[in-house]
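Coordinate inspection notes
Each chain is listed here by its residues.
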Amino acid sequence: MKKYILGIDIGTSGTKTILVDDEGRVAAAKTVEYPLETPKPGWTQQNPADWWQAAAESIRAVLEKSKVPGDQIAGVGFSGQMHGMVALDEAGEVVRPAILWNDQRTERQCEEITETAGGLPGLLSYTNNRMLTGFTGGKILWMKEEEPENFARTKVILNPKDYVRYKLTGVIATEVSDASGTGLFDVKNRCFSDELIAKLGLARSLFPKCYESYEIVGQVTSEAAKLTGLPAGLPVTAGGGDAVIQTMGSGLVHQGVLGVVIGTSGVVAMGLDGYKENANGELQLFCSNAKHLWHAIGVTLAAGGSYRWYRDALCAAEKEEAARTGKDVYDILGEAAEKVAPGCGGLLFLPYLSGERCPHFDSDARGVFYGLGLEHGKGAMSRAVMEGVTFSLRDVWEKIRAMDETIRPEKVVLSGGGALSPLWRQIVADVFHMPVVTVSGSGEGGAYGAALVAGVGLGIWKDLIEATSVLREETRTEPIPENEEVYDRVYALYDKIYLALKDSFKDLSQLR
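So, a few notes on the structure that sits alongside this text. (Residues numbered from 1 in each chain as written. Predicted model: local features only at pLDDT ≥ 70, side-chain atom pairs only at ≥ 80, totals over all residues. Heavy atoms only, no water.)

Here we come to unusual backbone geometry. A cis amide bond links Cys358 to the next residue, Pro359, at an omega of 15°. Here Pro359 shows up in the loop between strand S20 (348-350) and strand S21 (368-370). A positive phi is found at Asn128, a non-glycine position, where the angle reads about 65°. In this fold, Asn128 is placed in the loop between helix H3 (119-127) and helix H4 (136-146). Judged by relative accessible area, Asn128 falls into the buried class, the value being 1%. (Helix = DSSP H or I, 4+ residues; strand = E, 2+ residues; numbered from the N terminus. Buried < 20%, exposed > 50% of the residue type's maximum accessible area, 1.4 Å probe, protein only.)

Structure, rendered in structure tokens:
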């Protein structure tokens, strides 16, 4: 009898649920969107109840659409936006809106944590990672210092997908990949750093029990079964942070294949067959979704998010056309961008709308259209956003390559929403000088990786190598030599612009 796994991804713009069979085929999918709160410049928050409502709605929709009976569903796996802080009180109720991964309010607290740990070298000795403003650790100290009443009520801290899994199972837990992104986790030994937590004056009880990603942590409760339509008692696995687990859906288990994800954020990643020191903390070295494996990751904060901002802020006419004709607004933008030559006639875009994490550790950085002239139309601006995001991703790849120059991948596996665009696939191939492939499930993002990892824990596949063997190459895009030459010149200019504007970004921050 065919078996199915439910993969649920708690994203920043919406929750996506998919049903995947034991041959890796997607039987049904549904995304439910929700709002993002920005109460102050650089602040981003969401209501965790929106995630749970969206998860329940999308699960019901997928079950109804697929008509798969409950006894054929083997279990549930999770992916989710990393680093978000969900504070729960004694009764398991949310204390305050969740502070998200791209929030920049914690710069001072991150400096405090680094200083308390003994400077950057001391911090790296505890966690092998820099304390970034997006990480959970700084958010906890911010709440302790700025909202002491809320902090006093808080009994446990969860990441976003862990909260939704708690609502589904009643079990409070986390797992190694998401815990790696708290900034308080001993990545080498795959456990929370009790010594660092104590140095910061935090109670160890704030941090939940930690599992490997594929392990079963609970079952669907009777109450959740009524809300979702899932069978009560269905096994639920730990899952993984989206920056890690979505690359499993692209086959990035062992080192040697480069993965690029163009979702709300941008991810450049490679699996590592062993633990490596993270020199200067320039990258994120996280635990992978299989025991004894790690992941090198660089995350840009506004990749597809930049394109979405551009759509919403500057493309009202295209949105109206999409509503009138039934076409996808991104297809309309892409058609105009395809008519523009690589390099956009000297128009460049810096995608630092939320500050930046990698390649530049700079919370003050901001987005820029550079070189805008009377000759540039909407098509050039659309293409410039795509190219600018891709240049920022290449910057991250250069840092991964510097970590171990013996690793020479032969292709890029592209996933996330950006992978659906043929033009964006071509731009990535030309900028990275490598063929770009998409594989089955690549457009499903973290939900697909969540399903594959869960399948290992549920016994459908013996390990991640077998699980990822179900992936099928769907598209292959070869680089165009003349485009490569153009992009090398433009990329050199792109890197100079940030350096020229860095001090100005700092000055501008005083006006916000």
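Taken in spatial order, the 7 strands line up as S18-S19-S17-S16-S22-S23-S24 in an open sheet, and their pairing is mixed. The open sheet is flanked by strand S18 (284-287) and strand S24 (473-477), the only strands paired with a single partner. Between one strand axis and the next, the sheet turns by 30° as a mean value, whatever way the strands run. As defined by bridge partners, strand S23 (residues 436-439) adjoins S24 across 4 bridges and the pair is classed as antiparallel. Residue pairing for S24: Val439 is matched across the bridge by Glu473. Along the sheet, helix H14 (residues 378-403) makes contact with strand S16 (258-262), strand S17 (266-272), S18 and strand S19 (294-300), crossing S17 at roughly 20°. (Pairing = 2+ DSSP bridges. Axes fitted to C-alpha atoms, helices over the stretch in contact; angles between N-to-C directions. Contact = heavy atoms within 4.5 Å.)

Our focus in this paragraph is the packing of helix H11 (residues 304-314) against H14. One can describe the packing of H11 onto H14 by two numbers: an axis separation of 9 Å at closest approach and a directional angle of 160°. By the angle between their axes, H11 is roughly antiparallel relative to H14. The two elements H11 and H14 cross, and the hand of that crossing is right-handed. On H14, the residues touching Ser306, Tyr307, Tyr310 and Leu314 of H11 are Lys378, Met381, Ser382, Val385, Met386 and Val389. (Parallel < 35°, antiparallel > 145°, perpendicular 65-115°, else oblique. Left-handed = near helix turned anticlockwise from the far one by under 90°.)

The next point concerns the nonpolar core. Counting 123 residues, the largest nonpolar core has Leu184, Leu202 and Phe432 as the members making the most contacts within it. When residues no more than four places from it in sequence are discounted, the contact partners of Leu184 are Thr127, Met131, Gly137, Ile140, Phe192, Ser193, Leu196, Ile197, Leu200, Leu202 and Phe207. Counting residues in each nonpolar core, the second largest holds 37 residues, with Val86, Ala98, Ala224 and Leu301 among its members. (Core = buried A, V, L, I, M, F, W, Y, C linked by side-chain atoms within 4.5 Å.)

Along S16, 5 of the 5 residues are buried, which leaves the element largely enclosed by surrounding structure. The side-chain alternation of S16 yields two buried faces, one formed by Leu258, Val260 and Ile262 and the other by Gly259 and Val261. Linking two consecutive strands that pair antiparallel, namely S16 and S17, is a turn of 3 residues.

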